[in-house]
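# Structure assessment
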Amino acid sequence: FRKETFHRFNRFYLVSSVLLSALIPAIQFPSMSTGNIALSEFINEVTIYANTISPAAALATTSESILRWVYLVISLSFFGYLLISRKKITTLDGFRIIIVPEKTLSFSFFNLLFLNASVTQTQIYNPVLQHEMAHARQGHSLDIMLMQIIKIFQWFNPFIYLMEKALKETHEYL
């Protein structure tokens, strides 16, 4: 829908598709049964368990635990990136304005407006300030937070990065 001009529909589509992709795998269907015995009970009845673990199985178990730890560390790193450091705060029309270093682009997060230090005017007619206020009023931070939370758990999925880019582009058009 990149060429479509219905930006609100694009926003709805992007957010709902991310939510549905997270919710659909959680749907549980009734278990399959074979006669009077449920399939899971049938599998348990025919499974043979060994008393010892082979060296190859032990290696696979440690590899899985290492991958789980790597996954957890990367996920926690993304979560830590979301934390906001404290800066000097001023207030204007119900919005809190925080001045960030010149190398940082201006952005908003709910009612927090992070303005570049080169934007010295914090008067209401400042176009950068108006732009960030529009993002805050339209609730774009909720969409971004949703994408970031999904990205914490789906950091390995390349499509989540494409969806995030498309959503941010849609926000700019709105």
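Here the structure is a predicted model, which is why all the values come from computation and not from measurement.

### Section: the overall build of the protein chain
When its secondary structure is counted, the protein chain shows 6 helices and 6 strands. Ordering the α and β elements of the protein chain from the N terminus gives α-β-β-α-α-β-β-β-β-α-α-α. A separation threshold of at least 6 residues defines the contact pool for the protein chain, and within that pool the share at least 24 residues apart is 51%. Here the protein chain displays about 13,200 Å² of accessible surface, and carbon together with sulfur accounts for 66% of that area.

### Some details on the side chain of R11
On the secondary structure map, R11 appears in helix α1 (residues 7-23). Of the polar contacts made by the side chain of R11, one reaches the side chain of D143; its length is 2.4 Å. Apart from the residues within four sequence positions on either side, R11 is in contact with Q138, G139, H140, D143, L167, T170, H171 and L174.

### Observations regarding the packing of aromatic side chains
Aromatic ring pairs are described here by two measures, namely the spacing of the ring centres and the angle between the planes. Tallied over the full model, the rule gives 5 aromatic pairs. With centroids separated by 5.8 Å and ring planes inclined at 40°, the aromatic side chains of Y71 and W155 adopt a geometry described as tilted. You can see Y71 sitting in helix α3 (residues 55-81) and its partner W155 sitting in the loop between α5 (140-153) and α6 (158-173), a full 84 residues away along the chain. Feature note: the residues Y71, W155 and F156 constitute an aromatic cluster, connected by ring pairs.

### Here we look at the nonpolar core
In this structure, L14, V15, V18, L146, M147, I150, I160, A166 and L167 together form the largest nonpolar core, which totals 9 residues. Listed by contribution, the elements that provide at least two residues to this core are α1, α5 and α6. In this structure, L113, L115, L129 and A136 belong to the second largest nonpolar core, which totals 7 residues.

### Focus on α5
Look at α5: 21 Å from first C-alpha to last across 14 residues, which is about the 20 Å you get at 1.5 Å a residue. By the burial criterion, the buried members of α5 are H140, S141, D143, L146, M147, Q148, I150, K151 and I152.

### What to know about the pairing of strand β6 (residues 112-116)
Along any regular strand the residues' side chains alternate between the sheet's two faces. Taking burial as the measure, the 5 residues of β6 include 5 buried ones, the bulk of the element. Judged by which residues are buried, β6 turns out to be covered on both faces: L112, F114 and N116 on one side and L113 and L115 on the other are all buried. Where strand β4 (residues 95-100) and β6 come together, 5 bridges link them in parallel fashion. Across the sheet, the residue bridging to I99 is L115, located in β6. Where strand β5 (residues 107-109) and β6 come together, 3 bridges link them in antiparallel fashion. Bridge pairing in β6 places S108 opposite L113. Following β5, the chain reverses through 2 residues before pairing antiparallel with β6; F110 in that reversal takes a positive phi of roughly 55°.

### What to know about the sheet that holds β4
Across the sheet, 4 strands lie side by side as β3-β4-β6-β5; this open sheet has mixed pairing. The outermost strands of the open sheet, each flanked by one partner alone, are β3 (89-92) and β5. If you compare each strand with its neighbour and ignore which way they point, the axes differ by 30° on average. In terms of strand pairing, β3 meets β4 through 4 bridges, oriented antiparallel. From the neighbouring strand, T91 faces β4, where its bridge partner is R96. Across the sheet, helix α4 (residues 127-137) touches β3, β4, β5 and β6, and the angle it forms with β6 is around 155°.

Scoring rules and cut-offs
Residues numbered from 1 in each chain as written. Predicted model: local features only at pLDDT ≥ 70, side-chain atom pairs only at ≥ 80, totals over all residues. Heavy atoms only, no water. Helix = DSSP H or I, 4+ residues; strand = E, 2+ residues; numbered from the N terminus. Contact = heavy atoms within 4.5 Å. Areas by Shrake-Rupley, 256 points an atom, 1.4 Å probe, with all protein chains shown as cover. Polar contact = N/O pair within 3.5 Å; in protein donor to acceptor, adjacent residues only side chain to side chain. Phe/Tyr/Trp six-rings, centres within 6.5 Å; stacked < 30°, edge-to-face > 60°. Core = buried A, V, L, I, M, F, W, Y, C linked by side-chain atoms within 4.5 Å. Buried < 20%, exposed > 50% of the residue type's maximum accessible area, 1.4 Å probe, protein only. Expected span 1.5 Å × (residues − 1). Pairing = 2+ DSSP bridges. Axes fitted to C-alpha atoms, helices over the stretch in contact; angles between N-to-C directions.

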